[in-house]
Amino acid sequence: MSVLVCGGAGYIGSHVVSELKELKYDIVVIDNLEYGHRESINVDHFYEGDIGDKNLLDKVFSNHKIDTVFHLCAYIEVGESVSNPSKYYNNNLSKPLTLLDSMVKHNVPNFVFSSTAAVYGEPEGVPLKEDMRKCPTSPYGDSKLALEKILAWYSKAYSFNYVALRYFNASGAHPNGHIGESHDPESHLIPLVLSVALGKRDNIKIFGDDYPTPDGTCLRDYVHVCDLALAHIKAMEYLKNGGESISCNLGNGAGFSVKEIIDLSREITGHSIPSLIEKKRDGDSSELIADSTLANNILGWTPKITSLKYIIETAWNWHKNHPNGFNKNL
């Protein structure tokens, strides 16, 4: 049997592919390379294309005996989703429906979905638990929650089960230094901070320093990308063993502030990394921390990498050796 990784050439997808290769799975990848990088993966079966293409999906499912699909090809920029919701609902909702219908048509039973903590919106409590209120504050989060709801109905109607993995802040890079985060434009805090150390920007902006937190800056839960990849493997194994459909959080269960990220990055890089205080951004919560008890109890997943310093060190190892990411022409 084979596994299909949709979005396998992206940041998290390439790390999922890496873990699957370690376990000797037969891997099929679909990626349209809009944001993914072909250089980030080495697989025998690669299809450059879109999950909204019914003919391509028929070809893939006919050519390969696939029992599990990993879906990791969403648009992820919160701000852009607010200014261009059509782009996000089409890509994050309409196209996955085509994928799901093709899975049903070809009797593919298992689906592992890359969801997000953004389904919760403004948290009603910390740490966040799966049964807490879900009220997304952006089309990005709303599109992910909508697909979770669709998955629940599909699992009732068809021979189909899923695990929706609600990531908190994906971070770091593979310890071997061969793959890492390469977004253009970049919006994640750690690579933005490290880009200052690389001389690619003059300073790092801190949006608000008067939050009700120990140092006044936002607290976030950072989970290493390799731990996220391993959670996908655990989710697949759970489904293959007859597990029922669930949604669960993936985080370290600890909050680190923007200032802590910057201070540790200064220590690791040896660069002063100037910072600049800006006004708060609308919609930024003071604290987002995961309760990942369900993932531990049901999937048997616990993050192996809990040191923020090590997370940033792996990211720095990647960025300093790949200052332009996978783009060799810059």
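For the structure itself, look to the data block above.
Because the structure is predicted, anything quoted here is derived from the model rather than measured.

Per the secondary structure count, the chain includes ten helices and 14 strands. For the C-alpha atoms alone, the extent of the chain along its principal axes is close to 55 × 45 × 35 Å. Looking at the 330 residues of the chain, the share that counts as buried comes to 54%. The contacts in the chain between residues at least 6 apart in sequence include a share of 77% that link residues at least 24 apart. About 14400 Å² of surface is accessible on the chain, with carbon and sulfur atoms providing 47% of the total. Computing the positive centroid from 31 side-chain charges and the negative centroid from 41, the chain places the two 2 Å apart.

Under the definition given, this model contains eight salt bridges. Taking the shortest distance from any N to any O, the salt bridge between Asp50 and Lys95 comes out at 3.1 Å. With Asp50 in the loop between β3 (45–48) and α2 (54–63) and Lys95 in helix α4 (residues 85–105), this residue pair connects regions lying 45 residues apart in the sequence. Judged by relative accessible area, Lys95 falls into the partly exposed class, the value being 26%. Glu148 is the salt-bridge partner of Arg166, the closest N and O atoms lying 2.7 Å from each other. Of the two residues, Arg166 sits in strand β6 (residues 161–167) while Glu148 sits in helix α5 (residues 139–157), which places them 18 residues apart along the sequence. No difference in accessibility class separates Arg166 from Glu148, as the two residues are buried.

Before going further, it helps to spend a moment on the packing of aromatic side chains. The full count for this structure, using the stated rule, is seven aromatic pairs. Relative to Tyr75, the ring of Tyr35 lies with its centre 5.8 Å away and its plane at 90°, an arrangement referred to as edge-to-face. One end of the pair, Tyr35, is in the loop between β2 (26–31) and β3; the other, Tyr75, is in the loop between β4 (66–71) and α3 (78–83), with 40 residues separating them in the sequence. Taking NZ or CZ as reference, Arg38 lies 4.2 Å from the ring centre of Phe46, over its face. Across the ring face of Tyr75, the terminal group of Lys87 is positioned such that the distance to the ring centre comes to 4.6 Å.

About the thresholds
Residues numbered from 1 in each chain as written. Predicted model: local features only at pLDDT ≥ 70, side-chain atom pairs only at ≥ 80, totals over all residues. Heavy atoms only, no water. Helix = DSSP H or I, 4+ residues; strand = E, 2+ residues; numbered from the N terminus. Buried < 20%, exposed > 50% of the residue type's maximum accessible area, 1.4 Å probe, protein only. Contact = heavy atoms within 4.5 Å. Areas by Shrake-Rupley, 256 points an atom, 1.4 Å probe, with all protein chains shown as cover. Lys, Arg positive; Asp, Glu negative; His and termini not counted. Charge placed at Lys NZ, Arg CZ, Asp CG, Glu CD. Salt bridge = Lys/Arg side-chain N within 4 Å of Asp/Glu carboxyl O. Phe/Tyr/Trp six-rings, centres within 6.5 Å; stacked < 30°, edge-to-face > 60°. Lys NZ or Arg CZ within 6 Å of the ring centre and 35° of its normal.

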